[in-house]
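So you can see what is in the structure, the chains are spelled out below.
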Amino acid sequence: AAGVIQSPRHLIKEKRETATLKCYPIPRHDTVYWYQQGPGQDPQFLISFYEKMQSDKGSIPDRFSAQQFSDYHSELNMSSLELGDSALYFCASNEGPRGNEQFFGPGTRLTVL
Amino acid sequence: QKEVEQNSGPLSVPEGAIASLNCTYSDRGSQSFFWYRQYSGKSPELIMSIYSNGDKEDGRFTAQLNKASQYVSLLIRDSQPSDSATYLCAVNGNNRLAFGKGNQVVVIP
């Protein structure tokens, strides 16, 4: 079965640079979620989209923005990167605004030097 | 207080034994509960979902939910070395998942 696709899988950036992470949900899934997982931490919810509209916002820094496109893929844009942004970034998807079960992609490992 | 609590430290179990994991949550209005398995450096993998009080069995996994006590548990029967991973309890609140810190399980051959 098709899974969530994320790109790139690994990304190395310098401080103050920008980064763009992409997420392609499971076919027919219209809701996308972004989570950040720091070393030794549990995943923290950042933001979600349903039908191309932001549906919920969590602990996402103002330096980050995201959007969902007409084909339901989503992009997380991160600017003025800081060392503390180094983490695994996961995208998850499900169907409908109350789809409950969320299926995670393989993640993007971001390293900020 | 964290929304989802998993307080047990690493759990070592002999191969073939039962591993028991526990989780409590603070939002009494929560309706959906999940267990994810996460191998080091990999993404969380959904292994169980439970929505109503009682037990739910899927293969070697059994989830138990007690909403009155705000308590969720996971049993892994006939533990295998491949079950060695971190198990994350997650609660769906307002359609976002809140995770516990996870329990590391080590199955000893």
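Residues numbered from 1 in each chain as written. Chains lettered and ligands numbered in written order. Predicted model: local features only at pLDDT ≥ 70, side-chain atom pairs only at ≥ 80, totals over all residues. Heavy atoms only, no water.

Engineer: So what's going on with the environment of Gly40(A)? Which residues, and what values?
Structural biologist: All names here are of chain A. Note that Gly40 resides in the loop between β4 (31–37) and β5 (44–50). Exposure remark for Gly40: the relative accessible area of 80% places this residue in the exposed category. Distance from Gly40 to Leu76, taken between C-alpha atoms, is 22 Å for residues 36 residues apart in sequence. (Helix = DSSP H or I, 4+ residues; strand = E, 2+ residues; numbered from the N terminus. Buried < 20%, exposed > 50% of the residue type's maximum accessible area, 1.4 Å probe, protein only.)

Engineer: Break down the nonpolar core for me, with residues and values.
Structural biologist: Counting 24 residues, the largest nonpolar core has Phe33(B), Trp35(B), Val72(B), Leu74(B) and Tyr87(B) as the members making the most contacts within it. Listing elements by their share of this core, those giving two or more residues are β3 (19–25), β4 (32–38), β5 (45–50), β7 (61–66), β8 (71–76), β9 (85–93) and β11 (103–108) of chain B. Setting aside residues up to four positions removed in sequence, Tyr87(B) forms contacts with Gln6(B), Leu21(B), Trp35(B), Tyr36(B), Arg37(B), Ile47(B), Leu74(B), Ile76(B), Gly102(B), Asn103(B) and Val105(B). Grouped together as the second largest cluster of nonpolar side chains are 22 residues, Phe49(A), Ala87(A), Tyr89(A) and Cys91(A) included. (Core = buried A, V, L, I, M, F, W, Y, C linked by side-chain atoms within 4.5 Å. Contact = heavy atoms within 4.5 Å.)

Engineer: Let's hear about the state of the cysteines: which residues, and what values?
Structural biologist: On inspection of all chains with the given rule, the structure shows two disulfides over all chains. Here Cys23(A) is linked by a disulfide to Cys91(A), with a sulfur-sulfur distance of 1.7 Å. Between Cys23(A) and Cys91(A) the disulfide shows an S-S torsion of about -50°. By sign, it is left-handed. Here the residue Cys23(A) occupies a position in strand β3 (residues 19–24), and Cys91(A) occupies one in strand β9 (residues 87–94), the gap between them amounting to 68 residues. Across a sulfur-sulfur distance of 2.0 Å, Cys23(B) and Cys89(B) are joined as a disulfide pair. With the S-S bond torsion at -70°, the cross-link from Cys23(B) to Cys89(B) turns out left-handed. Of this pair, Cys23(B) sits in strand β3 while Cys89(B) sits in strand β9, placing them 66 residues apart in sequence. Considered together, Cys23(B) and Cys89(B) belong to a single accessibility category, that of buried residues. (Disulfide = S-S within 2.5 Å.)

Engineer: Describe the pairing of strand β11 (residues 108–112) of chain A, listing the residues and the values that go with them.
Structural biologist: Residues and elements named next belong to chain A. Burial of the side chains of β11 is restricted to one face: Thr108, Leu110 and Val112 are buried, whereas none of Arg109 and Thr111 on the reverse face is. The pairing of strand β2 (residues 10–13) with β11 spans four bridges and is parallel. From the neighbouring strand, Leu11 faces β11, where its bridge partner is Leu110. Bridging between β9 and β11 involves three bridges; their strand directions are antiparallel. When the bridges of β11 are listed, Leu88 appears paired with Arg109. (Pairing = 2+ DSSP bridges.)

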